[in-house]
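# Examining the three-dimensional arrangement
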Amino acid sequence: MSEQADLTNHFLIAMPTLEDPNFQHAVAYLCEHNSEGGLGIIINHPTEVSLGELLEHLEIEPASPAIANETVYMGGPVQRERGFVLHSPEGDWDSSLRISDSVSVTTSRDILAAIARGEGPERYLVALGYAGWEAGQLEQELAQNAWLNGPADPEIIFNRSTPERWQAAASLLGVDMTLLSSDAGHA
């Protein structure tokens, strides 16, 4: 049996044929991937919820209207009531996992309070929920060509506009998503 590749710190880029509305044109950043499965955060599906509304729900007061108006993303269909913050790795937070030299993920309230005060990490993306895969499920979906995968680039997570992220992530692999058709079997 061949050893499974560790796709932690990789992007999963939904192929045009992936029709599940949770993942249509999605780019998921894999925070963890091992023999037990995977956990990713979708970085390009904005919600209707602003960061200010999320902070208000948590009874945290944002320091500025700019912070309050920031976008909150739909990180995935699992535990949508749970917050995840992808961020640059500075800071010492209660519940944080350093994924690479450029990206950490934190699930504790203290990072949101710091962001609200303007004292959080330099770069961050706030998401509700996550995408999860059971053991072998992601490998099966990759074998069925539901996803492209390749090393992640933090510039796409933190600096690209939301509509650019799907194509930008695919471009890292030399793929132009506009040239791929969702019509299978047609040349």
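Predicted, not measured: the structure shown is a model, and the values here were computed from it.

### Overview of the overall build of the protein chain
Counting its secondary structure elements, the protein chain contains six helices and 10 strands. Scaling as 2.2 N^0.38, a compact globule of 187 residues should have a C-alpha radius of gyration of about 16 Å, and the protein chain matches this with 17 Å. For the C-alpha atoms alone, the extent of the protein chain along its principal axes is close to 55 × 35 × 25 Å. Per-residue burial for the protein chain yields a buried fraction of 47% across its 187 residues. Sequence-distant contacts, at least 24 apart, represent 65% of the contacts inside the protein chain between residues at least 6 apart. Working note: accessible area of the protein chain is about 9900 Å², and carbon and sulfur atoms make up 47% of it.

### As for the environment of arginine 160
Position of arginine 160 among the secondary structure elements: in the loop between helix H5 (154-158) and helix H6 (165-171). For the pair arginine 160 and serine 35, spaced 125 residues apart in sequence, the C-alpha to C-alpha distance is 31 Å. Non-local contacts of arginine 160, meaning those with residues more than four positions away in its chain, are made with Glu155, Arg165 and Ala168.

### Quick notes on the side chain of histidine 10
By secondary structure assignment, the location of histidine 10 is in strand S1 (residues 10-14). Accessibility expressed as a relative area gives 17% for histidine 10, which makes it buried. Those residues in contact with histidine 10 that sit more than four places away from it in its chain are Ala28, Tyr29, Leu30, Asn149, Gly150, Pro151 and Ala152.

### Notes on the nonpolar core
Ranked by size, the top nonpolar core spans 43 residues in total, and within it Phe11, Tyr29, Ile43, Leu86, Trp147 and Ile157 carry the most contacts. Counting residues in each nonpolar core, the second largest holds 16 residues, with Leu54, Trp93, Leu112 and Ala113 among its members.

### Points about the confidence of the model for the protein chain
Of all residues in the protein chain, 94% have pLDDT values of 70 or greater, and the mean over the chain is 90. Highest mean pLDDT in the protein chain belongs to H5 (97); lowest belongs to helix H2 (residues 65-68) (91).

### Comments concerning the packing of aromatic side chains
Given two aromatic rings, their pairing is described by the distance between the two centres and the angle made by the two planes. Summed over all chains, the structure comprises five aromatic pairs. With a centroid separation of 5.6 Å and an interplanar angle of 75°, the aromatic rings of phenylalanine 23 and tryptophan 147 are classed as edge-to-face. Of this pair, phenylalanine 23 sits in the loop between S1 and strand S2 (27-34) while tryptophan 147 sits in strand S10 (residues 147-151), and the two are 124 residues apart along the sequence. Considered together, phenylalanine 23 and tryptophan 147 belong to a single accessibility category, that of buried residues.

### Focus: helix H3 (residues 109-116)
Because the α-helix completes a turn every 3.6 residues, residues three or four places apart line up on one side. The element H3 is extensively covered by neighbouring structure, given that six of its eight residues are classed as buried. Within the sequence span of H3, burial applies to Ile111, Leu112, Ala113, Ala114, Ile115 and Ala116. Of the surrounding elements, those touching the buried residues of H3 are helix H1 (51-57), H2, strand S6 (78-87), strand S8 (104-106) and strand S9 (124-134). Positive backbone phi, approximately 80°, marks glycine 118, located one or two places after H3.

### Quick word on the pattern of salt bridges
With the rule as written, the count across this model stands at two salt bridges. A salt bridge links arginine 117 to glutamate 119; its shortest N-O distance comes to 2.9 Å. Classification of arginine 117 as partly exposed rests on a relative accessible area of 46%. A salt bridge links arginine 123 to glutamate 155, with the shortest nitrogen-to-oxygen separation between them at 3.0 Å. You can see arginine 123 sitting in the loop between H3 and S9 and its partner glutamate 155 sitting in helix H5, a full 32 residues away along the chain.

Conventions we followed
- Residues numbered from 1 in each chain as written.
- Predicted model: local features only at pLDDT ≥ 70, side-chain atom pairs only at ≥ 80, totals over all residues.
- Heavy atoms only, no water.
- Helix = DSSP H or I, 4+ residues; strand = E, 2+ residues; numbered from the N terminus.
- Rg over C-alpha atoms; globule rule 2.2 N^0.38 Å.
- Buried < 20%, exposed > 50% of the residue type's maximum accessible area, 1.4 Å probe, protein only.
- Contact = heavy atoms within 4.5 Å.
- Areas by Shrake-Rupley, 256 points an atom, 1.4 Å probe, with all protein chains shown as cover.
- Core = buried A, V, L, I, M, F, W, Y, C linked by side-chain atoms within 4.5 Å.
- pLDDT = per-residue confidence, 0-100.
- Phe/Tyr/Trp six-rings, centres within 6.5 Å; stacked < 30°, edge-to-face > 60°.
- Salt bridge = Lys/Arg side-chain N within 4 Å of Asp/Glu carboxyl O.

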